[in-house]
Amino acid sequence: MREFIQYFCLLTLIVQYNEASSNVKVLTVATEDNHGLERYLRSAKVYGIDVEVLGKGSKWSGGDMNYEGGGQKVNLLKEKLDQLDKDDKDQIVLFTDSYDVMFLASVEDIVERFKKFKARVVFSAEPFCWPDAKLATQYPNEKVSNPYLNSGGFIGYLPELLEIVNYKPIKDKDDDQLFYTKVYLDKDMRESLKIVLDHNAEIFQNLNGVLSDVQLNVNTTEEWPYIENTVTKERPLIVHGNGPAKATLNYLSNYLAQAWSIKNGCTMCAEKKIKLEDDNLPIVMMAVFIEQPTPFMEDFLLQLLEIDYPKSKIHLLLRNNVQYHEDEVEKFFQAHMKEYATAKRIKPSDFIPESEARGIAKDRCASSACDYLFSIDSLSRVESGTLRYLMSSGYDVIAPLLARPGQAWSNFWGAINSAGFYARSPDYMDIVYNKILGIWNIPFITNCYLIKASVLRAEAAKSITYSKPDMDPDMAFCASLRDIGMFMHVSNEFHYGHLVNPETFDISRTNPDIYQVFDNKLEWERRYLNPLYLENFEEGKKHAMPCPDVYWFPLVSMRFCNEWIEVMEAFGKWSDGSNNDKRLESGYEAVPTRDIHMNQVGLERQWLHILKEYVRPLQEMVFTGYYHNPPVSVMNFVVRYRPDEQPSLRPHHDSSTYTINLALNTPHVDYEGGGCRFIRYNCSVRDTKPGWLLMHPGRLTHFHEGMLVTKGTRYIMISFVDP
């Protein structure tokens, strides 16, 4: 019997649920498909809401659907309501805007909340009396929260709504909110039709003017994030990003309507995914922009070749606006242009502004058999599979998250201020540092992004531009996308690469990349550390010791050695090898050499960093028990030995706890002779290896001399560590 009662109760609830759903008509107006409508309909689908879209495909008579006109919405609604059963007094109609609205609950929950009002019609409410502020004094209750009517959402019974939409004729270009406001301010209409406003956001939450009152709860014990009005303590069921609050709705939409949660992650990420077929890959316009002096340009150009995509499907547009890089870029272009479907160059000598160059890429893609525009700037370092991933995401405009390693500087903004400039969103740091993963609706992207060509060919795309007053090209581009309601996204689902930092890249220096050990550590290590360096730390590794307590380690690459020498020779101010040395505080050098100090060529900080990060761990490994972090070295210099200058160095002790002696060039190739003899042990190291350092104690035990160079030029880098 108990089971029967439980079954009967469940059946009754199901019947009531279905009756509530079937007796509610959910309507909206949208004359065109866009991202806002797509988001709106997705939220409806999540909560099982069947929405009928009015006006689809018709021409919008007003200006911006969210700001101007709106009378057309009233007339479309009136036309639809006239088709319903006018005698059905229980028929409920829910109407909302579409492009800037999201559902946060089911129809059943909305109806249940509506019926608690004990009213026949409930309009959403806001803190501003718009569009006619003079009407504020006519409102019956100005002292409540959100005292004024908002037309972006209302719910009511069919008979009353029919009377409202038939209140007076309205032209398509007239304002719908003003129309409904006048209905509400008509006391007879308000009272006879039992119209009330949702002052406390029990159903409708309008965001404009109350952003500080609305709290997004993500870290919740509930399965999905939700918003709460912290003033009224209500959890709204429909949210409206009215007026300038659209950017905030975009931010909230990353989490609401079951888009993302701590438990489930990014549910939206899989919803748009498409599978790429290798035998039918889309055609890509790859637009490459070099707009500023960029460290490790060689690496950037090589990564273009490594992109995992058939070059026969890529149309290359390579724009260089930096004369310093022109020879390298031209060499690359001439070597590889024939590998691509087509290839075009824009050179510094063409004197084309950046905004125009970016516009050329956009227009070439839109007007050709191009499926995607892939824009990549020289600051971007992307993994080879990034292009394919962006395509497979299914999003119209999407960027891979790229950030400067270890920094918050990235290729997107999580929010913008009222002037359209950078503002930090609450989740920006979590996204940049990958504490939360997904695909995120954001207001600004730069440096690297993919756009579907269909977006560029749409009617609204005519206003997409890279040129606006007082804006750089990327800001202008993103502003124009926002103006037409085009959503931009950034993905941090996976690791796609990073950005290089150009801030200290000084092209007035010889080999400026070698100075970048601080700001671009990844590139620096890849190029300048010895390929065998990490083997030094392998467990059980037996380190070379050519003489007692003299250790030999691979430290830097051959390229480092060559470029280090080039820096010194370009500077050219070698000391004269005498005891008089004005570079020293004392003015006297006891054991002089022909040398250049690192502080003379701006490499002192960099070299001390190399000692700390790459040499010190080696020292701690072999001279156990000695720990000094950071190591101190006042004397850091490159020595040049030549038969006709200074061919050797007399026996001496170094003023150091330990000394490092880094070979910079190759014996029997660049010079003959040379080496270091440790006199106490009668042990010599002659055939040194470029990029390998000798490390030995400096005082007392390791009296040594520089052996005679008989031919050519020998270069070594010396540091007296912890004098």
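Up top is the structure these notes are about.
Reading guide: rules and limits
Within each chain, residue numbers correspond to sequence positions counted from 1 in written order. A pLDDT threshold of at least 70 governs which residues receive local features in this predicted model, and a stricter bar of 80 or more applies before side-chain atom pairs are shown or counted, although totals over entire chains, interfaces and linings include all residues. Derived side-chain values reflect all non-hydrogen atoms in the structure, with water molecules and hydrogen atoms excluded from consideration. Definition used for salt bridges: Asp or Glu carboxyl oxygen within 4 Å of a side-chain nitrogen of Lys or Arg. Secondary structure elements follow DSSP: runs of H or I no shorter than four residues count as helices, runs of E no shorter than two count as strands, and numbering proceeds from the N terminus. Only protein chains enter the area calculation, which uses a 1.4 Å probe; residues under 20% of their type maximum are buried, those over 50% are exposed, and those in between are partly exposed. By this definition, two strands are paired if DSSP reports at least two bridges between them. Helix axes use the C-alpha atoms of the stretch in contact, all axes being lines fitted to C-alpha atoms, and the angles between their N-to-C directions lie in the range 0 to 180 degrees. In this scheme Phe, Tyr and Trp rings, the latter by its six-membered ring, pair at centre separations within 6.5 Å, and the angle between planes marks the pair as stacked below 30 degrees, edge-to-face above 60, and tilted otherwise. By definition, being over a ring means that NZ of Lys or CZ of Arg is both within 6 Å of the ring centre and within 35 degrees of the ring normal. Nonpolar core, defined: a set of buried Ala, Val, Leu, Ile, Met, Phe, Trp, Tyr and Cys residues in which side-chain atoms within 4.5 Å join the residues together.

Student: Help me understand the pattern of salt bridges in this model?
Tutor: Any two side chains of opposite charge can pair, on the condition that their charged atoms come close. Applying the stated criterion across every chain yields a total of 39 salt bridges. A salt bridge links lysine 273 to glutamate 493; its shortest N-O distance comes to 3.1 Å. Of the two residues, lysine 273 is situated in the loop between β13 (265-266) and β14 (284-290) and glutamate 493 in the loop between β26 (488-491) and β27 (497-499); the sequence distance between them amounts to 220 residues. Classification of lysine 273 as partly exposed rests on a relative accessible area of 35%. The partner of aspartate 595 in a salt bridge is arginine 583, with the nearest N and O atoms 2.5 Å apart. In this pair, aspartate 595 sits in strand β30 (residues 595-597) while arginine 583 sits in the loop between α17 (558-571) and β30, placing the two residues 12 residues apart along the sequence.

Student: When you look at the sheet that holds strand β4 (residues 101-103) in this model, what are you seeing that I'm missing?
Tutor: The strands that make up a sheet pair up through hydrogen bonds in the backbone, lying either parallel or antiparallel. Taken in spatial order, the 3 strands line up as β4-β11-β8 in an open sheet, and their pairing is mixed. Across the chains shown, the open sheet's two edge strands, defined by having one partner strand only, are β4 and β8 (204-206). Within the sheet, the average angular offset between the axes of one strand and its neighbour, ignoring direction, is 15°. Relative to strand β11 (residues 238-240), β4 is paired through 3 bridges, and the arrangement is antiparallel.

Student: Got a minute to help me understand helix α5 (residues 158-165) in this structure?
Tutor: Each α-helix turn comprises 3.6 residues. Residues three or four places apart therefore point the same way. Burial analysis of α5 places 6 of its 8 residues in the buried class, the great majority of the element. For α5, the full list of buried residues reads Leu158, Glu160, Leu161, Leu162, Ile164 and Val165.

Student: Got a minute to help me understand the packing of aromatic side chains in this structure?
Tutor: For any two aromatic rings, the description comes down to two numbers: the centre-to-centre distance and the angle of the planes. Applying the stated criterion across every chain yields a total of 39 aromatic pairs. Between the aromatic rings of tyrosine 449 and phenylalanine 477, the centroid separation amounts to 5.4 Å while the plane-to-plane angle is 15°, which identifies the pairing as stacked. A residue pair is termed long-range when its members are at least 10 positions apart, and tyrosine 449 in strand β25 (residues 448-452) and phenylalanine 477 in helix α15 (residues 473-483) qualify at 28 residues. Residue tyrosine 449 shares its accessibility class with phenylalanine 477, and that shared class is buried. Every member of this aromatic cluster is reached through a ring pair, and the members are Phe296, Trp524, Tyr528, Tyr533, Phe537, Phe560, Trp564, Trp607 and Tyr614. Positioned over the ring face of tyrosine 226 is arginine 235, at 3.6 Å from the centre of the ring. It is arginine 345 that lies over the ring of phenylalanine 333; its NZ or CZ is 5.8 Å from the centre.

Student: Even after reading the chapter, I still don't get the nonpolar core, so can you show me in this structure?
Tutor: As a rule of thumb, soluble globular proteins bury nonpolar side chains together. Counting 127 residues, the largest nonpolar core has Phe103, Met286 and Phe374 as the members making the most contacts within it. It is β14 that provides the largest number of residues to this core, a total of 7 residues. Listed in part, the 41 residues of the second largest apolar core include Phe296, Tyr528, Ile565 and Val567.

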